[in-house]
Amino acid sequence: MKARDALRELAEVSASQWGMFTSAQAATRGVSRLDLSRLTECGDLVRLAHGVYKDAGAPSGAYLDVRAAWLSSDPARLASERLDDGHRGVVISGQTAAWLHDIGDLRSNRTELTTPVRRQTQRADLHYRRRDLPEEDVTIRDGLPVTTAERTIADLVEDRTDLSIVADALRDASRKSELDLELLGRRLAPLAERNGHRKGDGVALLDQLLVIAGIDREAIAKQIASLDGMGALVARNYLKQMPTEELAALIGATALQDVKATLSAQTKAIDWTQLARSAAALERTRTATGEAET
């Protein structure tokens with residue numbers, strides 16, 4: 001095929017794939033491996049990985065090696081088709097997912113992928129993990145299917161990553177977006193026993209990571225209290241859940257000092273992690289209400 005015709009055919013494929021395409025996709029357009037080799041030698045194409053090429057004139061962009069690895073994992077299909085696979089397809093995970101989420105100081109020299117079926121490769125730059133991911137564990141990041149921050153953090157623990165490094169990722173994730181701590185606790189549950197906690201006690205393991213990350217319960221409480229108007233909302237939410245007899249005892253305190261002492265005793269028993277989730281939910285509701293009124 002003439003170079004001009006080949007480049008036109010390849011441009012139609014690469015336009016929706018970050019300027020990239022696979023040799024299998026090129027073949028469906030009538031562009032042979034020999035054509036690709038000649039175009040690469042001429043400088044029109046750049047070979048990124050085995051069977052993956054890029055238009056030399058296309059912007060480099062971010063995560064080129066990750067995109068190339070993901071494309072090569074199912075080379076015949078277009079990226080737009082594969083995104084519809086969601087949790088049933090090939091999903092970026094582990095340290096690579098942490099890098100895409102920009103959480104923690106992690107950058108592996110290989111791309112980690114999770115698939116629902118067992119896969120093997122001799123490529124040193126690729127690693128496959130077999131797992132049936134639930135839909136809630138997969139999101140889209142920079143146009144790629146990636147495990148959520150919660151699943152990614154749990155995978156890091158499963159891979160026996162140093163907990164201080166995992167805690168750094170947890171802290172970064174909590175600052176960038178709202179983590180579902182309840183879901184994260186469930187994902188950590190199978191890993192609790194081997195990390196020194198009671199079998200299935202993912203909450204205890206999560207609490208350990210929170211403390212290592214410097215996000216202990218007292219810190220969460222102070223952060224909630226510092227939010228404008230949040231202290232009253234949280235207090236109201238907490239008092240609603242307080243048993244009637246305890247609330248009566250609190251109201252029955254006659255001196256201010258007694259009130260403070262009783263409140264102090266009560267707050268020590270608060271599950272601050274749960275309270276943080278409740279506070280965040282209240283804040284979202286208040287924000288949404290404000291926007292609606294505007």
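Everything quoted here is computed from the prediction, not taken from an experiment. (Residues numbered from 1 in each chain as written. Predicted model: local features only at pLDDT ≥ 70, side-chain atom pairs only at ≥ 80, totals over all residues. Heavy atoms only, no water.)

This next bit is on the pattern of salt bridges. Scanning the entire structure with this criterion turns up 21 salt bridges. With a closest N to O distance of 3.9 Å, R82 and D74 form a salt bridge. Residue R187 pairs with E136 through a salt bridge whose shortest N-O separation is 2.7 Å. In this pair, R187 sits in helix α9 (residues 181–188) while E136 sits in the loop between β6 (126–130) and β7 (138–141), placing the two residues 51 residues apart along the sequence. A residue is classified by how much of its surface remains accessible, and E136, at 45% relative accessible area, is partly exposed. (Salt bridge = Lys/Arg side-chain N within 4 Å of Asp/Glu carboxyl O. Helix = DSSP H or I, 4+ residues; strand = E, 2+ residues; numbered from the N terminus. Buried < 20%, exposed > 50% of the residue type's maximum accessible area, 1.4 Å probe, protein only.)

Moving on to the environment of S72. With respect to the helices and strands, S72 occurs in helix α4 (residues 64–72). For S72, a relative accessible area of 15% gives the class buried. For the pair S72 and A49, spaced 23 residues apart in sequence, the C-alpha to C-alpha distance is 8.3 Å. Filtering out sequence-adjacent residues up to four positions away, S72 remains in contact with H50, V52, R123 and L126. Of note is the side chain of S72, whose polar atom sits 2.7 Å from the backbone oxygen of A69. At 3.0 Å, the side chain of S72 forms a polar contact with the side chain of R123. (Contact = heavy atoms within 4.5 Å. Polar contact = N/O pair within 3.5 Å; in protein donor to acceptor, adjacent residues only side chain to side chain.)

Before going further, it helps to spend a moment on helix α10 (residues 202–212). Looking only at α10, the buried set comprises G202, A204, L205, L206, D207, L209 and L210. Just downstream of α10 lies G214, where phi reads positive at about 80°.

All chains considered together, the criterion is met by three aromatic pairs. When the centroid spacing of 5.9 Å and the interplanar angle of 15° are considered together, the rings of F21 and Y53 count as stacked. Highlighted residues: F21 in strand β1 (residues 20–22) and Y53 in strand β3 (residues 52–55), separated in sequence by 32 residues. As far as the burial class goes, F21 and Y53 line up, both buried. Consider the rings of Y63 and W99, whose centres lie 4.8 Å apart with planes at 90°: the pair is edge-to-face. (Phe/Tyr/Trp six-rings, centres within 6.5 Å; stacked < 30°, edge-to-face > 60°.)

It is worth spelling out the confidence of the model for the protein at this point. Looking at the protein, pLDDT values average 82 and 73% of them are 70 or higher. Confidence, read as mean pLDDT per element, is least for helix α14 (residues 256–268) in the protein (51) and greatest for strand β4 (residues 91–92) (98). (pLDDT = per-residue confidence, 0-100.)

Attention now goes to the nonpolar core. Among the nonpolar cores identified, the biggest contains 25 residues, and I153, V157, L170, L179, L188, L206 and L209 are the most heavily contacted of them. Among the elements of the structure, α7 (149–158), α8 (163–176), α9 and α10 are those that each provide at least two residues to this core. The greatest single-element share of this core, amounting to six residues, is contributed by α8. Contact partners of L170, with chain neighbours within four places excluded, come to I153, L179, L184, L206, L209 and L210. (Core = buried A, V, L, I, M, F, W, Y, C linked by side-chain atoms within 4.5 Å.)

Considered for burial, the residues of helix α3 (residues 33–41) that qualify are D35, L36 and L39. Within α3, the buried residues cover an arc of 100° as seen down the axis, which keeps them to one side. Facing away from the buried side of α3, by more than 90 degrees, are the exposed residues R33 and E41. As for α3, its buried residues are in contact with α1 (3–14), β1, α2 (23–28), β2 (45–49) and β3. Positive backbone phi, at 90°, marks G43, one or two positions downstream of α3. (Arc of directions from axis to C-beta.)

Of the two faces of strand β8 (residues 144–147), both are covered, the one formed by L144 and V146 as well as the one formed by P145 and T147. Summarising the sheet, β7 and β8 pair through four bridges and their orientation is antiparallel. Note that in β8 the partner of I140 across the bridge is P145. Between β7 and β8, which pair antiparallel and follow one another directly, the connecting turn spans two residues, one of which, D142, has a positive phi of 55°. (Pairing = 2+ DSSP bridges.)

Quick look at the packing of α8 against α10 now. The relative placement of two packed helices is expressed as an angle between their axes plus a distance between the axes. One can describe the packing of α8 onto α10 by two numbers: an axis separation of 8 Å at closest approach and a directional angle of 80°. The angle between the axes of α8 and α10 places the two elements in the roughly perpendicular class. Residue-level inspection shows L163, S164, V166, A167 and L170 of α8 in contact with α10, the latter providing L206, Q208, L209, L210 and I212. Grouping the amino acids of the contact of α8 with α10 by side-chain chemistry returns eight nonpolar, two polar and no charged. (Axes fitted to C-alpha atoms, helices over the stretch in contact; angles between N-to-C directions. Parallel < 35°, antiparallel > 145°, perpendicular 65-115°, else oblique. Nonpolar A, V, L, I, M, F, W, Y, C, P; charged D, E, K, R; others polar.)

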